[in-house]
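Structure at a glance
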Amino acid sequence: MPEKKKLEEAAPSLNRIATDESDIRERELSTLLNNDLVAGNLSIAEKILRSAKRLPFKKGDKVIMQGAPDDCAYFIISGSVDIRINGKHIDFRCAPQAVGEMAAKRAGEVRTADVVVASEILEALALSGSEFRAIMRAFETFSDNLNNSIDALSRKKISQLGVKSEPRGWSWTAISGGVGLAAALAGSVFVWLAGYSPLQIALASAILGIAAFIIIILSNPIYLYRKLSISSGTALVLYIVYGALSYSLTINGTELGIPYIDFQAHGEQKIETLVLSIVGLGISSITFGYLDLRLNGRDVKSQ
């Protein structure tokens, strides 16, 4: 009887422990289903849960040590980690992401980075390299997701190296601005020496400066088509405004006294010219935009 009474008293505690364990498993399963490698596949998530070992970490712990020969992969359930190579930060990961998958993919490869806990606590599921590779063989989608993840990480590292290796110096915009300013000053001096009015000097200076700026900035080969597309589109908008203003002012015989602009052409001729010019500028803007997308579109998508 005493033993029976002890079991009855212990039953609520045992039930509570079982409930807590069930809740933890549900939370781990939900997090795994949101992992990019698992991608919502319930069979893969349950396989990881059966094979992995739950491990707790605290802030500052090294989950993975650079140069170590172990090959476990860690699926983060809660918390975050800092990834460092030779002590330098290169990436940051948190739940539901994983770390250590590159070493787990191939047996015998040493760790390429330190993984340090950045949050106050970290909960992770540690999956041995052999179990990780078994899941790769059993589930083609898991293997494909892993390859895509590693490719994206490689592109990110290349991008970071590319940014660091850019030569220091003046940007294309700064150079274009300097050339444009010099052209504007030179043009204003030339027009002033020719004896023109202040308004004509200002207009000539502005036109020369803007033209020089655009010519130099379009010399950047990487974004040549993009800038041509933007320039054509801007010219299209400005020409539509100009054409609408010109037609509305001349159809009633009104004259506008702006230097170098004649609003007195016949209405029929202006409409034909306006339409043809708008179509030409529109085609140019679309064509250059398409060429820029062909040239730089892949780089934008991969980032």
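Residues numbered from 1 in each chain as written. Predicted model: local features only at pLDDT ≥ 70, side-chain atom pairs only at ≥ 80, totals over all residues. Heavy atoms only, no water.

1. Let's talk about the sheet that holds strand 7 (residues 114-117)
Pairing in this open sheet of four strands is antiparallel, and the strands run 2-7-4-5 from one edge to the other. Either end of the sheet is taken by a strand with one partner, and the two such strands are strand 2 (62-64) and strand 5 (88-94). Mean inter-strand twist for the sheet, computed between neighbouring axes without regard to direction, equals 30°. (Pairing = 2+ DSSP bridges. Helix = DSSP H or I, 4+ residues; strand = E, 2+ residues; numbered from the N terminus. Axes fitted to C-alpha atoms, helices over the stretch in contact; angles between N-to-C directions.)

2. So, the pairing of strand 3 (residues 73-78)
Among the six residues in strand 3, six count as buried, and that is most of the element. Across five bridges, strand 3 lies against strand 8 (residues 121-127) in antiparallel orientation. Within strand 8, the residue paired with Y74 across the bridge is A126. Pairing of strand 3 with strand 6 (residues 98-99) involves two bridges; the strand directions are antiparallel. Residue pairing in the sheet places Y74 in a bridge with V99 of strand 6. (Buried < 20%, exposed > 50% of the residue type's maximum accessible area, 1.4 Å probe, protein only.)

3. Some details on the environment of G177
Tracing the backbone through its elements, the reader meets G177 in helix 6 (residues 172-193). For the pair G177 and I214, spaced 37 residues apart in sequence, the C-alpha separation works out to 9.1 Å.

4. Examining the nonpolar core
Counting residues in hydrophobic clusters, the biggest one holds 22 residues, and the most contacted among them are I48, F75, F132 and F142. Elements that contribute at least two residues to this core include exactly helix 1 (2-33), helix 2 (42-51), strand 3, strand 8, helix 4 (129-138) and helix 5 (140-164). With four residues, helix 2 is the largest single contributor of residues to this core. Leave out the neighbours within four places in its chain, and F75 touches L32, N35, L37, I48, Q97, A98, E123, A124, L125, L127, F132 and F142. Core analysis: the next-biggest nonpolar cluster, separate from the first, contains 14 residues, V63, I64, I76 and V81 among them. (Core = buried A, V, L, I, M, F, W, Y, C linked by side-chain atoms within 4.5 Å. Contact = heavy atoms within 4.5 Å.)

5. Section: the packing of aromatic side chains
A full pass over the atoms with the stated rule returns two aromatic pairs. When the ring of F57 is compared with that of Y74, the centres are 6.4 Å apart and the planes differ by 75°; the resulting orientation is edge-to-face. With F57 in strand 1 (residues 53-58) and Y74 in strand 3, this residue pair connects regions lying 17 residues apart in the sequence. Comparing F57 with Y74 shows no difference in burial state: the two are buried. Taken together, a centroid distance of 5.2 Å and an interplanar angle of 70° make the contact between F132 and F142 edge-to-face. Highlighted residues: F132 in helix 4 and F142 in helix 5, separated in sequence by 10 residues. In this structure, F132 and F142 share a single accessibility class: buried. (Phe/Tyr/Trp six-rings, centres within 6.5 Å; stacked < 30°, edge-to-face > 60°.)

6. Section: helix 4
When we look at burial in helix 4, the residues that qualify are G129, F132, R133, I135 and M136. Along the axis of helix 4, the buried residues cluster in a sector spanning 155°; they form a single face. Of the residues in helix 4, the exposed ones pointing more than 90 degrees away from the buried face are R137 and A138. (Arc of directions from axis to C-beta.)

7. Things to note about the pattern of salt bridges
All told, the structure shown has 13 salt bridges when counted by the stated rule. A salt bridge links R25 to E21; the shortest N-O distance between them is 3.9 Å. Here the residue R25 and the residue E21 both occupy positions in helix 1, the gap between them amounting to four residues, near one helical turn. When the shortest N-O distance is used, the salt bridge between E120 and K59 registers 3.9 Å. One end of the pair, E120, is in the loop between strand 7 and strand 8; the other, K59, is in the loop between strand 1 and strand 2, and 61 residues separate them in sequence. With relative accessibility at 58%, the residue E120 sits in the exposed group. (Salt bridge = Lys/Arg side-chain N within 4 Å of Asp/Glu carboxyl O.)

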